[in-house]
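Commentary on secondary and tertiary structure
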Amino acid sequence: MRVLITGGAGFIGSHLSDAYIQRGDEVYVIDDLSTGTIENIQHLKRHPRFHYTIDTVHNHPVTAELIDQCDVIFHLAAAVGVKLIVESPVRTIETNVRGTEVVLSIANKKKKKVLIASTSEVYGLSSDVPFREDGNLVMGATTKGRWSYACSKAIDEFLALAYWREKKLPTIIVRLFNTVGPRQTGQYGMVIPTFVKQALAGRPITVYGDGQQSRCFGYVGDVVGALIKLMENSDAVGQVFNIGSNAEISILKLAQRVKEITHSDSEIVFVPYDEAYEEGFEDMPRRVPDISKVSELVGFRPEMSLDGILESVVDYQIGRRHR
Ligand code: UDP
């Protein structure tokens, strides 16, 4: 099979590339290296079945050529990371909405199956935990930059579902919950790589707010396995799936666990949200997926424990320092 992965030099995209290469498939990546890096795909660059193009999916002719060559498309190219989103809202909205428009319109010409990566962020301020795919999405005010990400991804979802219903383009939507593992950098604000980096350097571990907000952290290898199974399953078409772990932990407990695992002397400090992001920033207190839908369809089960995840991130960061 020939697989196109947009955002293939990103954190999740590069792991997905690895998985398809290992399966013996032909992998094509397009990435503009805005948040992805060559370092993530360095080990694949000389592989005869790996092909990469450094460009944006907004470049219509280039994307059209790649889609033409491939059998299926994973559209992972997007602006990610709450920090980036708050700092660069124009880029977020334009990248997420236009990129998906381009990919879906070209894929539609050849009716190539597309899996669109959406996000748990779309559940917004909903308190209906655990979140189910058919639950309400609760957005905050448009004056709060954070929600532009959720809205841009919700538009992507509407568009992908519309292409399926109206034009019979096979599309699948996945809402990725907090996904972590090696190659994720803390550069765009993600909590686990940030905490691990701080702990290893002996710098203060920065817990935003009071640390009672909770998240569930899924291992990238488990998530990638689910993406591949969904792509192979014809019953997944036209549907939305939550993917992630449902083991919940508060951010304060996470900070304490990172400190223990790294044997760090770092102190844990509390940073107000206004200082960490922007004035009036709204965080969601809990974010837990209901994963029964993806479990029932493809037998998905998160395998890696939180300690296993943290150890993989610690190993990666130590290895990176040596490199
Ligand atoms: N967070 C934190 N310290 C950091 C980075 C993030 O306390 O240095 C918190 C953040 O406010 C949120 C949680 O950790 O409550 C997860 O943040 P992340 O950006 O990883 O993902 P989100 O769930 O917000 O998309």
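Structure shown above.
Here's a quick rundown of the structure. (Residues numbered from 1 in each chain as written. Predicted model: local features only at pLDDT ≥ 70, side-chain atom pairs only at ≥ 80, totals over all residues. Heavy atoms only, no water.)

Focus: the site of the ligand
Near the ligand you find 18 residues, and of these Thr 206, Tyr 208, Arg 215, Asp 283 and Arg 287 are the closest. Between the ligand and Asp 283, the relevant distance is 2.6 Å, taken from an oxygen atom to a side-chain nitrogen or oxygen of the residue. Isolated, the ligand exposes 520 Å² of accessible area, and the fraction of that covered by the protein chains is 94%. Within the residue set of the shell around the ligand, elements represented by two or more residues are α7 (191–201) and β8 (205–208). Counted by class, the shell around the ligand contains nine nonpolar, five polar and four charged residues. (Near = heavy atom within 4 Å. Polar contact = N/O pair within 3.5 Å; in protein donor to acceptor, adjacent residues only side chain to side chain. Areas by Shrake-Rupley, 256 points an atom, 1.4 Å probe, with all protein chains shown as cover. Helix = DSSP H or I, 4+ residues; strand = E, 2+ residues; numbered from the N terminus. Nonpolar A, V, L, I, M, F, W, Y, C, P; charged D, E, K, R; others polar.)

Points about the pairing of strand β4 (residues 72–75)
Where burial is concerned, the two faces of β4 agree: the one with Val 72 and Phe 74 and the one with Ile 73 and His 75 are both buried. The sheet contact formed by strand β1 (residues 2–6) and β4 spans four bridges and is parallel. Within β4, the residue paired with Val 3 across the bridge is Val 72. Pairing analysis gives four bridges linking β4 to strand β5 (residues 113–119), with the strands arranged parallel. From the neighbouring strand, Phe 74 faces β5, where its bridge partner is Leu 115. (Buried < 20%, exposed > 50% of the residue type's maximum accessible area, 1.4 Å probe, protein only. Pairing = 2+ DSSP bridges.)

Side note on the nonpolar core
Generally speaking, a soluble globular protein has its nonpolar side chains buried in company with each other. Ranked by size, the top nonpolar core spans 57 residues in total, and within it Leu 16, Phe 74, Leu 227, Leu 230, Ile 243 and Leu 254 carry the most contacts. If you tally residues by element for this core, the top one is helix α8 (residues 220–232), at eight residues. In this view, Leu 254 contacts Val 191, Ile 192, Phe 195, Phe 217, Ile 249, Leu 306 and Leu 310; residues no more than four positions away in its chain are not counted. Leu 4, Leu 104, Val 114 and Val 240 belong to the second largest nonpolar core, which has 21 residues in total. (Core = buried A, V, L, I, M, F, W, Y, C linked by side-chain atoms within 4.5 Å. Contact = heavy atoms within 4.5 Å.)

A short note on the pattern of salt bridges
Following the criterion strictly, the structure yields 18 salt bridges and no others. Note that Arg 287 and Glu 121 form a salt bridge whose closest N and O atoms lie 2.8 Å from each other. Taken together, the residues Arg 287 in the loop between α10 (273–276) and α11 (292–298) and Glu 121 in the loop between β5 and α6 (147–167) connect sequence positions 166 residues apart. On the basis of relative accessibility, which here comes to 7%, the residue Arg 287 falls in the buried class. A relative accessible area of 3% means that Glu 121 is categorised as buried. In this structure, the salt-bridge partner of Glu 157 is Arg 175, at a minimum N-O distance of 2.7 Å. Taken as a pair, Glu 157 in helix α6 and Arg 175 in strand β6 (residues 171–176) lie far apart in primary sequence, 18 residues in all. (Salt bridge = Lys/Arg side-chain N within 4 Å of Asp/Glu carboxyl O.)

Quick look at the sheet that holds strand β3 (residues 50–54)
Spatial ordering of the open sheet is given by β3-β2-β1-β4-β5-β6-β11, a layout of seven strands whose pairing is parallel. Since the sheet does not close on itself, it has two edges, and those belong to β3 and β11 (240–243), each with one partner. When strand polarity is set aside, the average angle formed by the axes of neighbouring strands in this sheet is 20 degrees. (Axes fitted to C-alpha atoms, helices over the stretch in contact; angles between N-to-C directions.)

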